[in-house]
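Overview (structure and organization)
For reference, the chains in residue letters:
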Amino acid sequence: MKKLLGKYNKKIVSQGLADEGNITLLGLDAEVSSNRPMTEIDPELVKVFDHMNISSLLYAEPAEPYRSILAYYGDRQEICLMPTDCETRTFLHDIPVVPALTAAAISRALSARKAAIVGNRGVVSSGTVSPEQAFVSFSSVCFSIYVKFFSDVMFHLEDRRTGKTPENRDLMNAYSKIAPMISLSSRSCADIPAAPPSDEQEVYQQLILTGRQLVERKLVDSYFGNISYVFRDTMYISQTGSSLDELDTCIDAVPLDGSSSSGITASSELSAHISVYKKTGRRAIVHGHPKFTVIMSMSCRKEGCDLSTCYRACREQRAVSGIPIVSGEIGTGPTGLARTVPEAMGNSRAVIVFGHGIFSVSDDTFRPAFELMQSTEYSCMKEYFKKIQGLI
């Protein structure tokens, strides 16, 4: 347990979610252990184990800009936050807010949800099997409040311009403080595989390396996103629930003729990946959830639309940075990604899914698909701030 606590403490820091001194990670084996001396741990956190059947508990005060975003929402004294992006809407549903760090309040919140916001300072999450679950939920909350905050600013300014709402000075003051923290930069992709794999072993190596870079460059959060490559007549794809920076033993080889059930543990978006390959013939597919790509995909307030259904049934033809935006739910249903993404991919090398993320493809190497995803996120970030400046 001690080793696992150290591993996820390190991941939280390396992914910029919280600073070392602001993380409390507890695990229960024969007794409760922690990532730092127990004398430094708030006793209320340890008491949570008396109220719940859990094996791990994470409480952390996020790093910037999450910290300031959390402070803004925490000061609103709302009961819970309602995310609108696909990732957190389906994974977290909503995020309860508890007023103070007490065992009773935390236990009540975590008995119904995977994570909760504590006051205006911290996020708490738990795991029943492994500290990984607590880490994933914490990461998802950070992603969710980030996307929500910048989306809220955009929607507020649009509504203010049309006279639907008066100015929200608290929100705009928070924006003035937080926006300068966002870095507008793009990195070279020279370390992404640029040659087709020559054998099966190299396929695995390229998936592992590319997945790791997707996490390192913050193009995915938590354990979301997926990646695949078609070699000969088999699709190699990340497993469902796998972290893309730890794919060494989490890649499934799925024959395209359906002769094996090995895809049962594959990504929930396996069907979308197979359909994209069959539609385009392109072998390398990456899917990530870059934050500003997600935010800009929701940048539509068309009059007369039921905005609550845009994610699954939008018929508007929209694009961001020249990349088409489609609706689509996870799976193969009538409004599933397996139908909407491949269709739009016929005329583009990337497709953005409303409130969800981006699929990008390339013929037989990962680098062009990776570069396209990264450049799209960079363009969406620039478009976002240009739009906000025009609305202020």
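Residues numbered from 1 in each chain as written. Predicted model: local features only at pLDDT ≥ 70, side-chain atom pairs only at ≥ 80, totals over all residues. Heavy atoms only, no water.

**Let's talk about the overall build of the protein chain**
The test is simple: Each helix is a run of DSSP H or I of at least 4 residues and each strand a run of E of at least 2, with the numbering of both proceeding from the N terminus. All radius of gyration figures rest on C-alpha atoms, and the globule criterion is 2.2 Å times the number of residues raised to 0.38. Exposure classes here rest on a 1.4 Å probe applied to the protein chains alone. A residue is buried below 20% of its type maximum, exposed above 50%, and partly exposed in between. Any two residues having at least one pair of non-hydrogen atoms within 4.5 Å are treated as being in contact. All accessible-area figures derive from a Shrake-Rupley calculation using a 1.4 Å probe, and residue coverage is judged against the displayed protein chains alone. Counted charges follow a simple rule, with Lys and Arg positive, Asp and Glu negative, and His plus the chain ends left uncounted. Taken as the charge location is NZ of Lys, CZ of Arg, CG of Asp or CD of Glu.
The number of helices and strands found in the protein chain is 13 helices and 15 strands. Its C-alpha atoms give the protein chain a radius of gyration of 21 Å, within 12% of the compact-globule value 21 Å for 392 residues. Dimensions of the protein chain, computed from C-alpha atoms along their principal axes, come out at roughly 60 × 55 × 40 Å. Taking all 392 residues of the protein chain together, 55% fall into the buried category. Across the protein chain, every contact between residues at least 6 apart in sequence was considered, and the portion connecting residues at least 24 apart equals 65%. On the protein chain, roughly 16800 Å² of surface is accessible, and the fraction owed to carbon and sulfur atoms is 49%. Seen as two clouds, the 41 positive and the 44 negative side-chain charges of the protein chain have centres 5 Å apart.

**Description of the nonpolar core**
Spelled out, the test is: What makes a nonpolar core is a set of buried Ala, Val, Leu, Ile, Met, Phe, Trp, Tyr and Cys residues whose side-chain atoms join them at distances within 4.5 Å.
Among the nonpolar cores identified, the biggest contains 88 residues, and Phe149, Phe150, Tyr175, Phe292 and Tyr384 are the most heavily contacted of them. Broken down by element, the residue count for this core peaks at 16 residues, all from helix H6 (residues 131–161). Those residues in contact with Tyr384 that sit more than four places away from it in its chain are Phe150, Val153, Met154, Tyr175, Phe292, Ile295 and Met296. Ile237, Ile274, Ile285 and Val361 belong to the second-largest nonpolar core, a separate cluster that totals 21 residues.

**So, unusual backbone geometry**
Here the amide bond leading from Glu64 into Pro65 is cis, since omega sits at 5 degrees, within 30 degrees of zero. Its identity as a non-glycine residue notwithstanding, Arg232 has a phi of 55 degrees, on the positive side. For Arg232, the location among the structural elements is in the loop between strand S8 (226–231) and strand S9 (234–238).

**Some points on the packing of aromatic side chains**
How two aromatic rings sit relative to each other is given by the distance of their centres and the angle of their planes. Defined as follows: Note on aromatic contacts: the rings of Phe and Tyr and the six-membered ring of Trp form a pair at centre separations within 6.5 Å, being stacked when their planes are under 30 degrees apart, edge-to-face when over 60 apart, and tilted otherwise. Over a ring means this: the NZ of a Lys or the CZ of an Arg is within 6 Å of the ring centre and within 35 degrees of the ring normal.
Summed over all chains, the structure comprises 17 aromatic pairs. Consider the rings of Phe149 and Phe150, whose centres lie 5.3 Å apart with planes at 85 degrees: the pair is edge-to-face. Judged by its relative accessible area of 0%, Phe149 is buried. A relative accessible area of 0% means that Phe150 is categorised as buried. Relative to Tyr384, the ring of Phe150 has its centre 5.8 Å away and its plane inclined at 85 degrees; by these criteria the two rings are edge-to-face. Within this pair, whereas Phe150 is found in helix H6, its partner Tyr384 is found in helix H13 (residues 366–391), the two being separated by 234 residues in sequence. Taken together, the aromatic side chains of Tyr66, Tyr72, Tyr73, Tyr146, Phe149, Phe150, Tyr175, Phe292, Tyr384 and Phe385 make up a single cluster linked through ring pairs. Positioned above the aromatic ring of Tyr146 is the side chain of Lys291, whose terminal nitrogen or guanidinium carbon lies 5.2 Å from the ring centre.

**A few points about helix H1 (residues 2–14)**
What counts, and what does not: Here the expected span of a helix is defined as 1.5 Å times the quantity of residues minus one.
When the terminal C-alpha atoms of H1 are compared, their 18 Å separation across 13 residues agrees well with the 18 Å that a helix rising 1.5 Å per residue should span. The elements touched by buried residues of H1 are strand S1 (18–28), strand S2 (32–34), strand S3 (56–62) and H6. A positive phi of about 70 degrees marks Gly16, the residue just after H1.

**Section: the sheet that holds strand S5 (residues 95–98)**
We count it as follows: Any two strands between which DSSP finds at least two bridges are classified as paired. Axis definition: a line fitted to C-alpha atoms, over the contacting stretch in the case of helices. Angles run 0 to 180 degrees between N-to-C directions.
In spatial order, the strands read S2-S1-S3-S7-S6-S5-S4; together these 7 strands make up an open sheet with mixed pairing. Since the sheet does not close on itself, it has two edges, and those belong to S2 and strand S4 (80–81), each with one partner. Bridge analysis of S1 against S2 gives 3 bridges, and the strand direction is antiparallel. Bridge assignment links Gly27 to a residue of S2, and that residue is Ser33. Across the sheet, helix H5 (residues 103–110) is in contact with S3, S5, strand S6 (115–118) and strand S7 (122–127); its angle to S7 comes to roughly 60 degrees. Running over the sheet, H6 touches S1, S3, S4, S5, S6 and S7 and is turned about 145 degrees from S7.

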